[in-house]
Amino acid sequence: MKKLKTPKQFAVVVTLVLSVLFVVISLLLNFFFNEEVNLINLLIVAIAFFVISYFILLAFLERLITSKIRLLYRVIHTNEPNKKEREFSMSKDVLGEAEREVMKWGQKKSKEIERLKEQEQFRREFLGNLAHELKTPIFSIQGYILTLLEGGLEDEKINLTFLERANKGVDRITKVVEDLDLITEIESGRLVLNQKITNIVSLSKDVLDSFEIKAKKRKVSLKLTTEFEQQNVFCDKDKIEQVLINLINNSINYGSENGLTEVRLFDAEDHVLIEVSDDGLGIASEHLQRLFERFYRVDKSRARHEGGTGLGLSIAKHIIEAHKQSINVRSEVGKGSVFYFYLKKA
Ligand SMILES: Nc1ncnc2c1ncn2[C@@H]1O[C@H](COP(=O)(O)OP(=O)(O)OP(=O)(O)O)[C@@H](O)[C@H]1O
Ligand SMILES: [Mg+2]
């Protein structure tokens, strides 16, 4: 039975068996009733029986299979409304094909369910993180405002300080919202890169210079090492500036005091390799994989103390990926970290 794959083969075998039975029964009946057997006639009748029953059986099979399988295909292809109704050839393995297609459909569906479950989990985590991120500054603002309302406003010693602190909380909320806005813009595909020829040497120098005051406060030295005098790359200048800001900011925040933050530019054939390094804390290998996820922080208390929300690297990753490149990190605990990415030369 395993070899019978097509409805036609099935019809041939069944009608053949029936025809043989027909001949045997005829012979037996003739034998019991002692009648002369005309073998030629019997053979002609048997062949006619075979041919007619073959076509009748095939027609029934075709109607049955077509109507059932068509329904099945209609169900599994509900998302393809304009798909033409299929024709089924009775000389092909239509049932086997349907079985394979249903299996494929089942596997696709279970992958989809898996993906939806992951998304749901991600969404829940995301909302939890977001609520947490906003709660901290909101409570602190509320605390300062309440104290001011309850008489603090008249107290010259605290009124200005408390207002400044409340303002810091507002700044923090603004930063989270702006960062999230940017991430959403990139993820929903609304971000259009404005790619232009950009001098990466001067861009790196400008961004480094803008950190002079912050670096001085933490006694961190800033250094630019470059293999080029000038080098143009093709990129969205503002967005790459944002990436450099995020990386340099991290390297100062998580680097060691009296340490060194270095931006290095290397020639990598038709690309420029851009590295931002520090000689600070370093990152243990178990964190490296998740580092670029939204809200991920290695040392939560320290990062929060530095004003971090855990969105900086996630934004950097999105921007670099929008440039069809990737961003990576190598790091050793206690020695420091190097974040690096490539940009195409112009
Ligand atoms: N150079 C670095 N050295 C050590 N740890 C780092 C470094 N850069 C990032 N990290 C770790 O990775 C985490 C994620 O960094 P990310 O820049 O995404 O967020 P953040 O700095 O906490 O907040 P922000 O959104 O303000 O940048 C940080 O909290 C920190 O724990
Ligand atoms: Mg950061």
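Just so it is clear, the structure is predicted and the values come from calculations on it, not from any experiment. (Residues numbered from 1 in each chain as written. Chains lettered and ligands numbered in written order. Predicted model: local features only at pLDDT ≥ 70, side-chain atom pairs only at ≥ 80, totals over all residues.)

A. The arrangement of the overall build of the protein in detail. A tally of regular secondary structure across the protein gives 10 helices and seven strands. Taking 2.2 N^0.38 as the reference for a compact globule, 346 residues should give roughly 20 Å; the C-alpha atoms of the protein span a radius of gyration of 38 Å, well beyond that estimate. The dimensions of the protein, computed from C-alpha atoms along their principal axes, are 130 × 60 × 40 Å. Classification of the 346 residues of the protein by burial places 19% in the buried group. Within the protein, contacts between residues separated by at least 24 positions form 71% of all contacts whose residues are at least 6 apart in sequence. (Helix = DSSP H or I, 4+ residues; strand = E, 2+ residues; numbered from the N terminus. Rg over C-alpha atoms; globule rule 2.2 N^0.38 Å. Buried ≥ 20, exposed ≤ 12 C-beta atoms within 10 Å, placed from the backbone. Contact = placed C-beta atoms within 7 Å.)

B. How the structure looks around unusual backbone geometry. Residue Glu269 is not a glycine yet carries a positive backbone phi of 55 degrees. Among the secondary structure elements, Glu269 is positioned in the loop between β4 (260–268) and β5 (271–278). Within the chain, Phe295 stands out as a residue other than glycine whose phi angle is a positive 65 degrees. Relative to the elements of secondary structure, Phe295 occurs in the loop between α8 (285–288) and α9 (300–305).

C. Just the domain arrangement of the protein, in detail. The domain architecture assigned to the protein consists of domain 1 (7–92), domain 2 (123–187) and domain 3 (195–344). Here domain 2 and domain 3 have C-alpha centroids that lie 27 Å from each other. Contacts between domain 2 and domain 3 engage 10 residues on the former and nine residues on the latter. When residues in the side of domain 2 that touches domain 3 are grouped by element, the largest group, seven residues, is from helix α4 (residues 159–187). Residues belonging to the side of domain 2 that touches domain 3 are distributed by class as follows: five nonpolar, one polar and four charged. (Domains from an automatic or database assignment. Nonpolar A, V, L, I, M, F, W, Y, C, P; charged D, E, K, R; others polar.)

D. Region of interest: the nonpolar core. Among the nonpolar cores identified, the biggest contains 31 residues, and Ile200, Val243, Leu247, Ile248, Val272, Ala316 and Leu343 are the most heavily contacted of them. Sorting the residues of this core by element identifies α5 (200–210), β3 (232–236), α7 (237–254), β4, β5, α10 (312–322) and β7 (336–344) as the ones contributing at least two each. Per-element tally for this core: the top contributor is α7, with six residues. Beyond its immediate sequence surroundings of up to four residues, Val243 is in contact with Ala316, Ile319 and Ile320. (Core = buried A, V, L, I, M, F, W, Y, C linked by C-beta atoms within 7 Å.)

E. Spotlight on α7. Along its 18 residues, α7 runs 25 Å from first to last C-alpha, staying within 8% of the 26 Å computed at 1.5 Å per residue. Within α7 the residues assigned to the buried category are Lys239, Ile240, Val243, Leu244, Asn246, Leu247, Ile248, Asn250, Ser251, Ile252, Asn253 and Tyr254. (Expected span 1.5 Å × (residues − 1).)

F. Examining the sheet that holds β5 more closely. Across the sheet, five strands lie side by side as β2-β4-β5-β7-β6; this open sheet has mixed pairing. Both outer strands of the open sheet, β2 (221–226) and β6 (327–332), are each paired with one neighbouring strand and no more. Ignoring which end each strand starts from, the neighbouring axes of this sheet average 15 degrees apart. Where β2 lies against β4, six bridges are found, and the strand directions are parallel. Residue Thr225 lies in a different strand from β4, and its bridge partner there is Arg264. (Pairing = 2+ DSSP bridges. Axes fitted to C-alpha atoms, helices over the stretch in contact; angles between N-to-C directions.)

G. Quick look at the packing of α4 against α10. Where α4 contacts α10, the axes come no closer than 10 Å and their chain directions differ by 30 degrees. By the angle class used here, α4 and α10 are roughly parallel. Considering how the two elements wind past one another, α4 and α10 form a crossing that is left-handed. Note on element contacts: α10 touches α4 through Ser314, Ile315, His318 and Ala322, opposite Asp179, Leu182, Ile183 and Ile186. (Parallel < 35°, antiparallel > 145°, perpendicular 65-115°, else oblique. Left-handed = near helix turned anticlockwise from the far one by under 90°.)

H. Broad picture of the environment of Asn328. Position of Asn328 among the secondary structure elements: in strand β6. Considering only alpha carbons, one finds Asn328 and Val75, 253 residues apart in sequence, at a separation of 45 Å.

I. Broad picture of α4. Over its 29 residues, α4 runs 42 Å from end to end, which matches the ideal 42 Å to within 8%, given 1.5 Å per residue. Following α4 by one or two positions, Gly189 adopts a phi angle in the positive range, close to 75 degrees.

J. Representation of the packing of helix α3 (residues 94–149) against α4 within the structure. The interhelical angle for the contact between α3 and α4, taken along N-to-C directions, is 160 degrees, at an axis separation of 9 Å. Taken together, the axis directions place α3 and α4 in an arrangement best described as roughly antiparallel. Every pair of crossing elements has a handedness; the one defined by α3 and α4 is left-handed. Counting all contacts with α3, which are made through Glu133, Leu134, Pro137, Ser140, Ile141, Tyr144, Ile145, Thr147 and Leu148, the residues of α4 involved are Asn159, Phe162, Arg165, Ala166, Gly169, Val170, Arg172, Ile173 and Val176. Classifying every residue of the contact of α3 with α4 by side-chain character gives 11 nonpolar, four polar and three charged.

K. Spotlight on the environment of Ile173. With respect to the helices and strands, Ile173 occurs in helix α4. Note on Ile173: 16 C-beta atoms within 10 Å, which makes it partly exposed. C-alpha of Ile173 to C-alpha of Leu313: the two residues are 140 residues apart in sequence and 18 Å apart in space. Once residues within four sequence positions are removed from consideration, Ile173 is found in contact with Leu134 and Pro137.

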